[in-house]
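This is what each chain is made of:
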Amino acid sequence: MRPYLSLPKKILILLLALLLVLVLSLYWIWLSKTNQDFLLKQQEIRQQNQSQYILLNAMIRNRIESWMELFAQLHMDEPDQISAMTETLYDEFEFLQLNWQVENLWLFDSFGNLAYSTQSNLSDDIKSLAQDVYKEQRSIIKMRCDTQCYQLLSIPILVGQDSPAVITVSLSLLETLAFLNQSTEAEVRRNNTTTEIT
């Protein structure tokens, strides 16, 4: 025998069921909105961190380019400008390592010949980058990640009578990334193809 439910009890059960469905629907909508807001905030923070990284790199690039241009100007009156620059680079390389995070340095003369290098071997990446600078007559910066990440900055400098030479430096990213991490608490993740700042 089925128990008898009066009409008011049926209406009350129906209202409770509708109320439960309404509460669950509102909870699901609220949870979805919260997740969406969280994801948007994370994306905004990631974009801010990447913007700061780009700004830091631009500042470092401008500092290095200014130093290299001043360096070339200081040797403008030398009879053999490339030889004088080579001697100065040899003497000042430790300063560049300590104060500018320069890992390695290559100087190419106006004919594309290697005039100075801090490494015994010259990779194809460096040659290719220097050739691109000769062609485009502008600075080029590339980021490489092998066992550690570094930037290659190649700068054309004027030597002699309108003939460009090229200075290429590899810059350590350790201090840049440490500063970025300290100022924004960003994490740097590296996979096999890219480096991502979050």
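Please refer to the structure placed before this passage.
What this report covers is the structure whose coordinates are included nearby. Note that the structure is predicted; figures quoted are calculated from it, not measured.

## Comments concerning the side chain of Ser-172
Here Ser-172 shows up in strand S5 (residues 163–172). Each residue touching Ser-172, except ones within four places of it in the same chain, is listed here: Gln-101, Glu-103 and Gln-148.

## Examining the side chain of Ser-154
Here Ser-154 is to be found in strand S4 (residues 149–159). Among the polar contacts listed, one links the side chain of Ser-154 to the side chain of Thr-168, at a separation of 2.7 Å. When neighbours within four sequence positions are excluded, Ser-154 is seen to be in contact with Leu-129, Ala-130, Val-133, Arg-138, Ser-139, Ile-140, Val-166, Ile-167 and Thr-168.

## Brief notes about empty space enclosed by the protein
Inspection of every chain in the model, using the stated rule, returns one cavity of 30 Å³ or more. Estimates place the volume of the largest cavity at around 40 Å³. Along the walls of the largest cavity sit Asn-57, Ile-60, Trp-100, Gln-101, Gln-151, Leu-171, Ser-172, Leu-173 and Thr-176, which together make up its complete lining. At the level of secondary structure, the elements contributing two or more residues to the lining of the largest cavity comprise helix H1 (7–74) and S5. When its residues are assigned to classes, the lining of the largest cavity shows four nonpolar, five polar and no charged.

## Examining the pairing of strand S3 (residues 140–145)
Two elements, S3 and S4, share six bridges in a ladder whose sense is antiparallel. Looking across to S4, one finds that Arg-144 is bridged to Tyr-150. If you look at the hairpin formed by S3 and S4, you'll find three residues sitting between the two strands.

## Remarks on the pattern of salt bridges
Evaluated as defined, the whole model comprises five salt bridges. Close ionic contact of Glu-65 with Arg-61 constitutes a salt bridge, the shortest N to O distance being 3.1 Å. With Glu-65 and Arg-61 both in helix H1 and four residues apart, this pair spans about one turn of that helix. A residue is classified by how much of its surface remains accessible, and Arg-61, at 23% relative accessible area, is partly exposed.

## Considering the packing of H1 against helix H4 (residues 174–184)
For the pair H1 and H4, the least separation of the axes is 10 Å and the interaxial angle reads 140°. By the angle between their axes, H1 is oblique relative to H4. Helix-helix and strand crossings are classified by hand; for H1 and H4 the assignment is right-handed. Counting all contacts with H1, which are made through Asn-49, Gln-52, Tyr-53, Leu-56, Asn-57 and Ile-60, the residues of H4 involved are Thr-176, Leu-177, Phe-179, Leu-180, Ser-183 and Thr-184. Among the residues making up the contact of H1 with H4, the classes are represented as six nonpolar, six polar and no charged.

Scoring rules and cut-offs
- All residue numbers here refer to positions counted from 1 along the written sequence of the relevant chain.
- Residue-level local features of this predicted model are given only where pLDDT is at least 70; pairs of side-chain atoms are given and counted only at 80 or more, and the full residue set underlies all totals for whole chains, interfaces and linings.
- Side-chain metrics rest on all non-hydrogen atoms present in the structure, leaving aside hydrogens and water.
- Going along the chain from the N terminus, every DSSP run of H or I of four or more residues is numbered as a helix, and every run of E of two or more is numbered as a strand.
- Note on contacts: a residue pair qualifies if any of its non-hydrogen atoms lie within 4.5 Å across the two residues.
- Whenever a nitrogen or oxygen atom comes within 3.5 Å of another N or O atom, the pair is scored as a polar contact, on the condition that within protein one atom can donate a hydrogen and the other can accept it, and that pairs from neighbouring residues in sequence are kept only if both atoms are in side chains.
- The definitions used throughout rest on a 1 Å grid laid over the protein atoms alone, on which a cavity is an enclosed set of points accommodating a 1.4 Å probe that cannot get out and a pocket is an open set flanked by protein within 12 Å on both sides along at least five of seven lines; lining residues are those having an atom within 4 Å of a point.
- Grid points are joined across faces, edges and corners, and a volume is the space filled by probe spheres set on the points.
- Residue type decides the class: Asp, Glu, Lys and Arg count as charged, Ala, Val, Leu, Ile, Met, Phe, Trp, Tyr, Cys and Pro as nonpolar, and the leftover types, Gly among them, as polar.
- Strand pairing is defined by DSSP finding a minimum of two bridges between the two strands.
- One speaks of a salt bridge when a side-chain nitrogen belonging to Lys or Arg is within 4 Å of a carboxyl oxygen belonging to Asp or Glu.
- Working definition: with a 1.4 Å probe on protein chains only, accessible area under 20% of the residue-type maximum means buried, over 50% means exposed, and in between means partly exposed.
- Only the contacting stretch of a helix is used when fitting its axis, a line to C-alpha atoms as for every element, and angles between N-to-C directions run 0 to 180 degrees.
- Working rule for angles: under 35 degrees goes down as roughly parallel, over 145 as roughly antiparallel, 65 to 115 as roughly perpendicular, anything else as oblique.
- We call a crossing left-handed when the near helix sits turned anticlockwise from the far one by less than a right angle, and right-handed when that turn is clockwise.

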